[in-house]
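Residues per chain are reported as follows:
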Amino acid sequence: MKVKLRNPTFVDARQIYEIERRSFEHPHPFLVILSEVTLHSDTSLVAEVGGRVVGYALAAKEVGRKLHLLNLAVHPDYRRMGIGKLLLQSLEKLAKRKGLKEIYLEVEEDNEVAKSLYKKLGYVEKGRIKEYYPWGKNAIVMVKKIS
Ligand SMILES: CC(C)(COP(=O)(O)OP(=O)(O)OC[C@H]1O[C@@H](n2cnc3c(N)ncnc32)[C@H](O)[C@@H]1OP(=O)(O)O)[C@@H](O)C(=O)NCCC(=O)NCCS
């Protein structure tokens, strides 16, 4: 299976939103996805298979040469094939090329699958934000230094 990675454009927002809806109990609204894709295209990636978007990592540059991973998901039909890992590793290379020093993210405390992926790739738990999500769940903040 050939997976192609590229920066997203606003044209991808609909397909990204479809994956978002299938991946999260509380998906980001379409307009949030559209604005993230538009504002942060140069620091975000989509994975394509056969011309179809099957996964995405949306991330924003923040002060202090940091990259904030806003959202990561892979279409349910394409999971456990290494695409999530590929997106994160490629995002790290992209961040390095831009001279950024750190990637950080928030993950729901009980999202064991995502936490295991991040840990496998060298992210460490930095803290816990109580009731970070509007639906009351706590977040774990995870960080990876890049050099
Ligand atoms: C988290 C997610 C992006 C992983 O994508 P993926 O393409 O399936 O992940 P990969 O195939 O690259 O897996 C890499 C590693 O992550 C871990 N992992 C992935 N899926 C797992 C599962 N279902 N159970 C346990 N570990 C898992 C494993 O360590 C895996 O390595 P291995 O396959 O060598 O064992 C995907 O499950 C997803 O979209 N989940 C819903 C959305 C979500 O929770 N996003 C994170 C928000 S913070």
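Residues numbered from 1 in each chain as written. Predicted model: local features only at pLDDT ≥ 70, side-chain atom pairs only at ≥ 80, totals over all residues.

Section: the pairing of strand β4 (residues 66–74)
By the bridge criterion, eight bridges tie strand β3 (residues 52–62) to β4 in an arrangement that is antiparallel. Residue K61 lies in a different strand from β4, and its bridge partner there is L67. As consecutive antiparallel partners, β3 and β4 are separated by three residues, and within that stretch G64 has a phi angle of approximately 80°, a positive value. In the sheet, β4 pairs with strand β5 (residues 102–108) via four bridges, with the strands oriented parallel. Bridged to H68 within β5 is Y104. Note that the unit made of β4, helix α3 (residues 83–97) and β5 has a crossover that is right-handed. (Pairing = 2+ DSSP bridges. Helix = DSSP H or I, 4+ residues; strand = E, 2+ residues; numbered from the N terminus. Right-handed = clockwise from strand over helix to strand, strands pointing away.)

As for the packing of helix α1 (residues 13–23) against helix α2 (residues 30–39)
Close contact between α1 and α2 brings their axes to 9 Å; oriented N to C, the two are set at 130°. Taken together, the axes of α1 and α2 are oblique relative to one another. Pair α1 / α2 crosses with right-handed handedness. Contacts between α1 and α2 involve A13, I16, Y17 and E20 on the former and, on the latter, F30, I33, L34 and V37. Residue classes in the contact of α1 with α2 are distributed as seven nonpolar, no polar and one charged. (Axes fitted to C-alpha atoms, helices over the stretch in contact; angles between N-to-C directions. Parallel < 35°, antiparallel > 145°, perpendicular 65-115°, else oblique. Left-handed = near helix turned anticlockwise from the far one by under 90°. Contact = placed C-beta atoms within 7 Å. Nonpolar A, V, L, I, M, F, W, Y, C, P; charged D, E, K, R; others polar.)

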